[in-house]
Amino acid sequence: MVTTETINKIKMEQATGRVYNFNAGPAALPVSVLEQARDEMLNFGGSGMSVLELSHRSKHFEDILNRAEADLRTLFKIPSNYKILFLQGGNSLQFAMLPMNFRAPEASADYVQTGSWSKKAIGESEKLGKVRLAATTGKNIYIPSQAELDLDPQAAYLHFTANETIEGIEWATEPTPPPNVFLACDTSSNLGSRPLDVSKYGIIYAGVQKNLGPAGVTIVILREDLLERVPPKLPAMLDYKNLAEGKSLYNTPPCYSIYVVGLVLRWLIDLGGVEEIARQNATKATTLYQLIDSSGGFYKGVARPDSRSRMNVTFRLGTEELEKQFAKQATAQGLEGLKGHRSVGGLRASIYNAVSLEAVEVLAQFMKEFQRING
Ligand SMILES: *Cc1c(COP(=O)(O)O)cnc(C)c1O
């Protein structure tokens, strides 16, 4: 049972047939972005065509691509010596491309193992060469401190996962690598959610389907001078140098996904940029964590409190049966996507940029009622 107020809110949402979307990725997009995409569907910018039909070599698409890149530079104050690439293959392909391009055959790369996605990155890297663990958190769910890192001053790079989407932990700030080692970061599930000092990194990669758009594009931001390290004779599609020279147009890019990313970036700028969205994201996360912490143990946070993610709030209930009931009843009330990742179970609320504070408040209300009835 939920309050009348909540029911009315839910009914209003359902009047348009839309649910509160807590999916982990692909995930919620701003409604205004979806509306604009709808309005421009048949005739984009007077072209007489849909973006789905435009040539990727057309002036129209060139404008879409240039503007998305320029907006990304503005949002993150990306220095001019960094290249921005819009690639395919997801983050999962970046796990392999990174070592192929930037780890010489005799060299080793440092990885921080904090959870499921960093393990995947390490697994791919190990197939191709030497990996060293700068830290591993084992079965514990937290972000290690700088002092806990065992860093190799000769490493090709130091890789970490900015936000572990499955476990629900996030680095508050990036680790500091040894002097001549560059930082490589999988920032798929928090890029765009807060300010970021790009100049601290050698390479950042992020699939956009969490905070910045639909599935199909991976944004890679990389320091230009690193391109000199790319070995010769890599397959063209796996070669950062080739892809950078092609300015994301070496082959046909995912045009429509890039277009939607452009709309989302515009939305973010209009809203006040990453500083403003970071403020909103903090409020949303605090709302849920406070509820969990004040539930007298009914809800148990999965992550160590100092490492909690602002993007993926993971929690458990006393029994798996109760968790099943929670997810089922939430869905019935228009709260979608709360089941934890199939590999770890439990519950997870993904509260990316486009998930409104209102959605989080409705979820909090549902959680209180669920506890009142089952606690
Ligand atoms: C979603 C996600 C991935 C996987 O991305 P794909 O685009 O499916 O390859 C990798 N790392 C993190 C941190 C993620 O959140």
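What counts and what doesn't
Per chain, the residues get numbers from 1 upward, laid out in the order the sequence is written. Under the rules for a predicted model, residues below a pLDDT of 70 receive no local features and side-chain atom pairs below 80 are neither given nor counted, while totals for whole chains, interfaces and linings still include all residues. Derived side-chain values reflect all non-hydrogen atoms in the structure, with water molecules and hydrogen atoms excluded from consideration. A 1.4 Å probe rolled over the protein chains alone gives each residue an accessible area, and that area as a share of the maximum for its type sets the label: buried under 20%, exposed over 50%, partly exposed in between. Where helices and strands are cited, they refer to DSSP runs of H or I of at least four residues and of E of at least two residues respectively, numbered from the N terminus. Following DSSP output, two strands are said to pair if at least two bridges run between them. Positive charges are assigned to Lys and Arg, negative charges to Asp and Glu, while His and the chain termini are left out of the count. A carboxyl oxygen of Asp or Glu within 4 Å of a side-chain nitrogen of Lys or Arg is what we treat as a salt bridge. Centres within 6.5 Å are what make two rings of Phe, Tyr or Trp a pair, Trp counting through its six-membered ring; a difference in plane orientation under 30 degrees is then read as stacked, over 60 as edge-to-face, and the rest as tilted. Proximity is defined per residue: if any heavy atom of the residue lies within 4 Å of a molecule or strand, that residue is considered near it. For this analysis, a polar contact is any N or O atom pair within 3.5 Å, provided that within protein one partner can donate a hydrogen and the other can accept it, and provided that sequence-adjacent residues contribute only side-chain to side-chain pairs. Per-residue accessibility takes into account occlusion by the displayed protein chains alone, with areas from the Shrake-Rupley method and a 1.4 Å probe. Axes, fitted as lines to C-alpha atoms, cover a helix only where it is in contact. Angles between the N-to-C directions of the axes lie from 0 to 180 degrees. If an angle is under 35 degrees, it is roughly parallel; if it is over 145, roughly antiparallel; if it lies from 65 to 115, roughly perpendicular; otherwise it is oblique. By convention, the crossing between two helices is left-handed when the near helix turns anticlockwise from the far helix through less than a right angle, and right-handed when the turn is clockwise. Two residues form a contact once any of their heavy atoms are found within 4.5 Å. By this rule, a helix spans an expected 1.5 Å times one less than how many residues it contains. The angle between axes fitted to the seven-residue stretch ending at a residue and the seven-residue stretch beginning at it gives the bend at that residue. Note that domain bounds follow an automatic or database assignment of domains. Here the quantity called buried area is the total loss of accessible area, with a 1.4 Å probe, experienced by two parts when brought into contact, counted for both. Each residue gets one label: Ala, Val, Leu, Ile, Met, Phe, Trp, Tyr, Cys and Pro are nonpolar, Asp, Glu, Lys and Arg are charged, and the others, such as Gly, are polar.

What follows concerns the pairing of strand β5 (residues 157-161). A large share of β5 lies buried, amounting to 5 of its 5 residues. On β5, burial covers both faces: Y157, H159 and T161 on one face and L158 and F160 on the other are all buried. As defined by bridge partners, strand β3 (residues 108-113) adjoins β5 across 2 bridges and the pair is classed as parallel. What sits directly across from D110, in β5, is L158. Where β5 lies against strand β8 (residues 182-186), 5 bridges are found, and the strand directions are parallel. Within the sheet, the bridge partner assigned to T161 lies in β8 and is D186.

Before going further, it helps to spend a moment on the side chain of D152. With respect to the helices and strands, the residue D152 is situated in the loop between β4 (130-136) and β5. At 4.6 Å, R132 is the nearest oppositely charged side chain to D152, a buried residue that forms no salt bridge.

A separate point is the packing of aromatic side chains. The full count for this structure, using the stated rule, is 18 aromatic pairs. Taken together, a centroid distance of 5.2 Å and an interplanar angle of 55° make the contact between Y256 and Y259 tilted. Of this pair, Y256 and Y259 both sit in helix α7 (residues 255-271), 3 residues apart, roughly one helical turn. With relative accessibility at 22%, the residue Y256 sits in the partly exposed group. By relative accessible area, which is 3% here, Y259 ends up buried. Taken together, the aromatic side chains of F298, Y299, F315, F326, F366 and F370 make up a single cluster linked through ring pairs.

Right, let's get into the site of the ligand. Around the ligand, the structure places 13 residues, and the nearest of them are N91, S92, T165, D186 and K210. Contact distances for the ligand include 2.6 Å between an oxygen atom and a side-chain N or O atom of S92. Within the side chain of Q209, a nitrogen or oxygen atom sits 2.9 Å from an oxygen atom of the ligand. Protein contact buries 85% of the 390 Å² of open area that the ligand shows by itself.

Inspection of the entire model under this criterion finds 19 salt bridges. Between D39 and R38 there is a salt bridge whose closest N-O contact spans 3.2 Å. There is no split in this pair, since D39 and R38 are both exposed. The partner of E124 in a salt bridge is K127, and the shortest N-O contact between them spans 2.5 Å. With E124 and K127 both in helix α5 (residues 116-128) and 3 residues apart, the pair spans about one turn of that helix. Among the residues examined, E124 registers a relative accessible area of 24% and is labelled partly exposed. We classify K127 as exposed; its relative accessible area is 64%. Each of the salt bridges in this network shares a partner with another, and the network as a whole consists of R67, D71 and R266.

Now for the sheet that holds strand β9 (residues 203-207). Overall, mixed pairing links the 7 strands, which are arranged β2-β10-β9-β8-β5-β3-β4 in an open sheet. The open sheet terminates on both sides in strands that have one partner only, identified here as β2 (82-87) and β4. Mean inter-strand twist for the sheet, computed between neighbouring axes without regard to direction, equals 20°. Across 3 bridges, β8 lies against β9 in parallel orientation. Across the sheet, residue C185 finds its bridge partner in β9, namely I204.

Before going further, it helps to spend a moment on the packing of helix α9 (residues 320-332) against helix α10 (residues 357-374). Geometry of a packed helix pair, given as the angle between the helix axes and the separation of the axes. Orientation of α9 relative to α10, taken along the N-to-C sense of each, is 135°, at an axis distance of 11 Å. Relative to α10, α9 is oriented oblique. Remark: the crossing between α9 and α10 carries right-handed chirality. Between α9, through L322, Q325, F326, Q329 and A330, and α10, the contact on the second element is made entirely by L363, F366, M367, F370 and N374.

With 13 residues, helix α4 (residues 90-102) extends 18 Å from end C-alpha to end C-alpha; this agrees with the ideal 18 Å at 1.5 Å per step. Along α4, the helix axis deviates most sharply at A96, where the bend reaches about 25°; the proline P99 sits within four residues downstream. Every buried residue belonging to α4 is among N91, Q94, F95, A96, M97, L98, P99, N101 and F102, and all of these are buried.

When the parts of a complex come together, some accessible area is lost, and that lost area is often taken as the interface size. Under the domain assignment used here, the chain contains domain 1 (4-22 + 273-374) and domain 2 (39-270). Placing a centre on the C-alpha atoms of domain 1 and another on those of domain 2 gives a separation of 28 Å. Each partner contributes residues to the interface: domain 1 has 24 residues there, and domain 2 has 25 residues. Of the roughly 2,000 Å² buried between domain 1 and domain 2 on both sides combined, carbon and sulfur atoms contribute 53%. Taken as a group, V274, Y352 and N353 account for 27% of the area that domain 1 buries against domain 2, more than any other trio of residues on that side. There are 2 salt bridges connecting domain 1 and domain 2. A salt bridge links E275 to K77; its shortest N-O distance comes to 3.6 Å. Where domain 1 touches domain 2, the interface holds 14 residue pairs in polar contact (both at pLDDT 80 or more). Going through the elements one at a time, α8 (273-293) and β12 (312-316) are the ones with two or more residues in the side of domain 1 that touches domain 2. At 7 residues, the largest contribution of residues to the side of domain 1 that touches domain 2 is made by α8. Counted by class, the side of domain 1 that touches domain 2 contains 10 nonpolar, 9 polar and 5 charged residues.

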